[in-house]
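Coordinates in review
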Amino acid sequence: TRLRNLRAERGISQTTPLDAGLELPSGALADALRAHAALVCSLARLSSLTVAEKVEIPGAFHDHVGSVGLAVVLPEREISPAERAA
């Protein structure tokens, strides 16, 4: 949901693949997310997903959803002349 909202807030198509990472402590949840990373990538339209205690993705936007950290590379978009004037 947070990725979908970020896409909408930033004007990024829901079909644009993104690189993302989830930061959470080692344990059953992290293991399950790693095991199902391909499914999560498909559902969230990600080109990659890293699950670790600390995720280092250069240039990534960082946020937290509850106790899980989210790192995602958001493509830059051009600002229109109308947006610049506003």
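For the structure, check the block above.
Here's what I pulled together on the structure shown here. (Residues numbered from 1 in each chain as written. Predicted model: local features only at pLDDT ≥ 70, side-chain atom pairs only at ≥ 80, totals over all residues. Heavy atoms only, no water.)

1. Some words on helix H1 (residues 2-10)
- Of all the residues in H1, the buried ones are Leu3, Leu6 and Arg7. One side of H1 carries all its buried residues, which in axial view fall inside an arc of 100°. Opposite the buried face of H1, by more than 90 degrees, sit the exposed residues Ala8 and Glu9.
- Buried residues along H1 sit in contact with strand S1 (18-23), helix H3 (37-44), strand S2 (46-52), strand S3 (61-65) and strand S4 (68-72).
- Just downstream of H1, Gly11 is the residue with a positive phi angle, here 70°. (Buried < 20%, exposed > 50% of the residue type's maximum accessible area, 1.4 Å probe, protein only. Helix = DSSP H or I, 4+ residues; strand = E, 2+ residues; numbered from the N terminus. Arc of directions from axis to C-beta. Contact = heavy atoms within 4.5 Å.)

2. What about the nonpolar core?
- Residues Leu22, Leu24, Leu46, Leu49, Val51 and Val72 are the most contacted members of the largest nonpolar core, which totals 18 residues.
- Counting residues per element, the ones that place at least two in this core are H1, S1, helix H2 (28-35), H3, S2 and S4.
- Not counting residues up to four positions away in its chain, the partners in contact with Leu49 are Ala20, Gly21, Leu22, Ala37, Val40 and Cys41.
- Formed by five residues, the second largest nonpolar core is a distinct cluster that contains Ala52, Val55, Ile57 and Ala60. (Core = buried A, V, L, I, M, F, W, Y, C linked by side-chain atoms within 4.5 Å.)

3. Brief notes about the pairing of S3
- Relative to S4, S3 is paired through five bridges, and the arrangement is antiparallel. Across the sheet, residue Asp63 finds its bridge partner in S4, namely Leu70.
- Counting the residues between successive antiparallel strands, the hairpin from S3 to S4 contains two residues, one of them, Gly66, with a positive phi of roughly 65°. (Pairing = 2+ DSSP bridges.)

4. Side note on the layout of surface pockets
- The calculated volume of the largest pocket comes to roughly 380 Å³.
- Residue contributions to the lining of the largest pocket peak at four residues, all from H1.
- Partitioning the lining of the largest pocket into residue classes produces twelve nonpolar, three polar and four charged. (1 Å grid on protein atoms, 1.4 Å probe; cavity = no way out; pocket = protein on both sides within 12 Å on 5 of 7 lines; lining within 4 Å. Points joined across faces, edges and corners; volume = space filled by probe spheres on them. Nonpolar A, V, L, I, M, F, W, Y, C, P; charged D, E, K, R; others polar.)

5. Concerning the sheet that holds S1
- Here we have four strands laid out as an open sheet, ordered S2-S1-S4-S3, and mixed in their pairing. Strands with a single pairing partner mark the edges of an open sheet, and in this sheet they are S2 and S3. Here the average twist between neighbouring strands, direction ignored, is 20°.
- Relative to S4, S1 runs antiparallel, the two being bridged by four bridges. The partner of Gly21 across the bridge, within S4, is Ala71. (Axes fitted to C-alpha atoms, helices over the stretch in contact; angles between N-to-C directions.)

6. Notes on the environment of Ala71
- Note on placement: Ala71 falls in strand S4.
- Sequence separation of Ala71 and Lys54 is 17 residues, and the distance between their C-alpha atoms is 9.7 Å.
- If we skip the residues at most four places from it in the chain, Ala71 touches Asp19, Ala20, Gly21, Val55, Ile57, Ala60, Phe61 and His62.

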